[in-house]
Amino acid sequence: MRAELIATIVRMRERLALARLRGRSVACVPTMGSLHAGHGALIERARAASDVVVVTIFVNPIQFDRSDDYEQYARRLDADRGYCDARDVDIVFVPSAEEMYPEPIATFVEVPEFARHLCGAFRPGHFRGVATVVAKLFNIIQPDTAYFGEKDAQQLAIIQQMVRDLNFAVEIVPVPTVREPDGLALSSRNRRLTPEQRRIAPTLYRALTEGQRSIESGERQAAKVKAAVLNILESEPALRTEYAEIVDPRMQPVDSISADVRLVAAVWVGSTRLIDNLLCRTAELAEAPAPCDNELE
């Protein structure tokens, strides 16, 4: 099926108003294009559960902290549309920057507690731009469900909190990270890696896996887990570690591990920045008995 290409907000709203009049459910998959199998997993989940699937392709200028990164971001609309066609997407929404921001924007959405650490500390304004554009897309499309990858765990947590706090009538559906056979998380930025950098890049996943194994084997001191992760990352001279942390569901670093946590890291391989994370379950929770039927959830 050939996906319908829509470039204006007015047309997008008209098209979906008609779908809703017919009682059809609407799913949204927000992307910046340069689609790969990670996006494909989002689309497939949306397609299986919804009547109308909308994929948005918009390289959002207000979430980039470096102008060169924005300019260099891969734009492959023809290939992306073909990718959507092959996955039975109904609508591809491709607004221009001028359509989304017809005048200098004066209103922003922020979730500062969740954005203070990790990527937020190294990319000033990034998550403000992400939350703002996602809020705009939700207002334009008004989807019943929206699909986000777990690879961008901090982004996912911020969007989930924004939806709760601002009462958006949309269900956020997390989708597990899609990986290469050697563990490297799929990312549009992987295309920038040279063959040698691509060989080195899975060190990030190997380090996170070691940290996960340590936690799930009973280690409860975050500093010791972090040291094990950094030991592997620093064994590869071509990697530059930006951060490696153990965080709670609100993306706050922890010192002592007493519940499920997420191990998160960002590294540079040459001029390419890679992020990844793994959920780490504690042995105590894994072995805990199931709650009684009369317990409150």
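Note that this is a predicted model, so its numbers are computed, not measured.

### Some details on the side chain of Gln 63
One can find Gln 63 in the loop between β3 (52-57) and α3 (67-72). There is a polar contact of 3.0 Å between the side chain of Gln 63 and the side chain of Asn 60. Among residues more than four places away in sequence, those in contact with Gln 63 are Met 32, Arg 123, His 126, Gly 129, Val 130 and Val 133.

### Overview of the environment of Val 254
Mapped onto the elements of the fold, Val 254 is located in the loop between β7 (239-247) and β8 (261-269). With 241 residues separating them in the primary sequence, Val 254 and Arg 13 have C-alpha atoms 43 Å apart. Apart from the residues within four sequence positions on either side, Val 254 is in contact with Ala 222, Ile 246, Val 247, Asp 248 and Val 261.

### Things to note about the environment of Leu 35
One can find Leu 35 in the loop between β2 (26-31) and α2 (37-49). What makes Leu 35 buried here is its relative accessible area of 4%. Considered as a pair, Leu 35 and Asp 144 are 109 residues apart in the sequence and their alpha carbons are 23 Å apart. Beyond its immediate stretch of four places on either side in the chain, Leu 35 contacts Ile 57, Arg 76, Asp 80, Tyr 83, Cys 84 and Arg 191.

### A look at the packing of aromatic side chains
For the structure on display, the rule yields five aromatic pairs. With a centroid separation of 6.0 Å and 75 degrees between ring planes, the pair formed by Phe 64 and Tyr 73 is classed as edge-to-face. Judged on exposure class, the residue Phe 64 and its partner Tyr 73 are both buried. Plain terms: the ring middles of Phe 122 and Tyr 243 are 6.1 Å apart, the flat faces sit at 25 degrees to each other, and that makes the pair stacked. Separated by 121 residues along the polypeptide, Phe 122 in helix α7 (residues 119-122) and Tyr 243 in strand β7 bring together distant segments of the chain. For Phe 122, a relative accessible area of 41% puts it in the partly exposed group.

### Focus: unusual backbone geometry
Positive phi values are uncommon outside glycine, yet Gln 142 reaches one of about 50 degrees. You can see Gln 142 is positioned in the loop between α8 (126-141) and β5 (145-149). Positive phi outside glycine occurs at Asn 167, with the angle close to 60 degrees.

### A closer look at the sheet that holds β7
Read across the sheet, three strands follow the order β7-β8-β9 without closing on themselves; strand pairing throughout is antiparallel. The sheet terminates laterally at β7 and β9 (272-280), the two strands that pair on one side only. Direction aside, the axes of adjacent strands within the sheet are offset by 15 degrees on average. Where β8 meets β9, nine bridges bridge the pair, whose relative direction is antiparallel. Note on β9: the bridge partner recorded for Ala 266 is Ile 275. In the packing of helix α12 (residues 222-233) onto the sheet, contacts are made with β7 and β8, and the angle to β7 comes to roughly 160 degrees.

### A closer look at helix α11 (residues 203-216)
For α11, with 14 residues, the first-to-last C-alpha span of 20 Å sits near the 20 Å given by 1.5 Å per residue. Listed as buried for α11 are Thr 203, Leu 204, Ala 207, Leu 208, Thr 209, Gly 211, Gln 212, Ser 214 and Ile 215. Check the buried side of α11 and you find it contacts α10 (195-200), α12, β7, β8 and β9. Backbone geometry just downstream of α11 places Gly 218 in the positive-phi region, at approximately 120 degrees.

### Thoughts on the nonpolar core
Counting residues in each nonpolar core, the largest one holds 47 residues, and the members touching the most others are Phe 138 and Met 162. Looking at which element gives the most residues to this core, the answer is α8, with 10 residues. Ignoring any residue separated from it by four or fewer positions in sequence, one finds Met 162 in contact with Val 109, Val 111, Ala 131, Val 134, Ala 135, Phe 138, Asn 167 and Phe 168. Core analysis: the next-biggest nonpolar cluster, separate from the first, contains 27 residues, Ile 200, Ala 207, Leu 208 and Ile 232 among them.

Quick notes on the rules
Residues numbered from 1 in each chain as written. Predicted model: local features only at pLDDT ≥ 70, side-chain atom pairs only at ≥ 80, totals over all residues. Heavy atoms only, no water. Helix = DSSP H or I, 4+ residues; strand = E, 2+ residues; numbered from the N terminus. Polar contact = N/O pair within 3.5 Å; in protein donor to acceptor, adjacent residues only side chain to side chain. Contact = heavy atoms within 4.5 Å. Buried < 20%, exposed > 50% of the residue type's maximum accessible area, 1.4 Å probe, protein only. Phe/Tyr/Trp six-rings, centres within 6.5 Å; stacked < 30°, edge-to-face > 60°. Pairing = 2+ DSSP bridges. Axes fitted to C-alpha atoms, helices over the stretch in contact; angles between N-to-C directions. Expected span 1.5 Å × (residues − 1). Core = buried A, V, L, I, M, F, W, Y, C linked by side-chain atoms within 4.5 Å.

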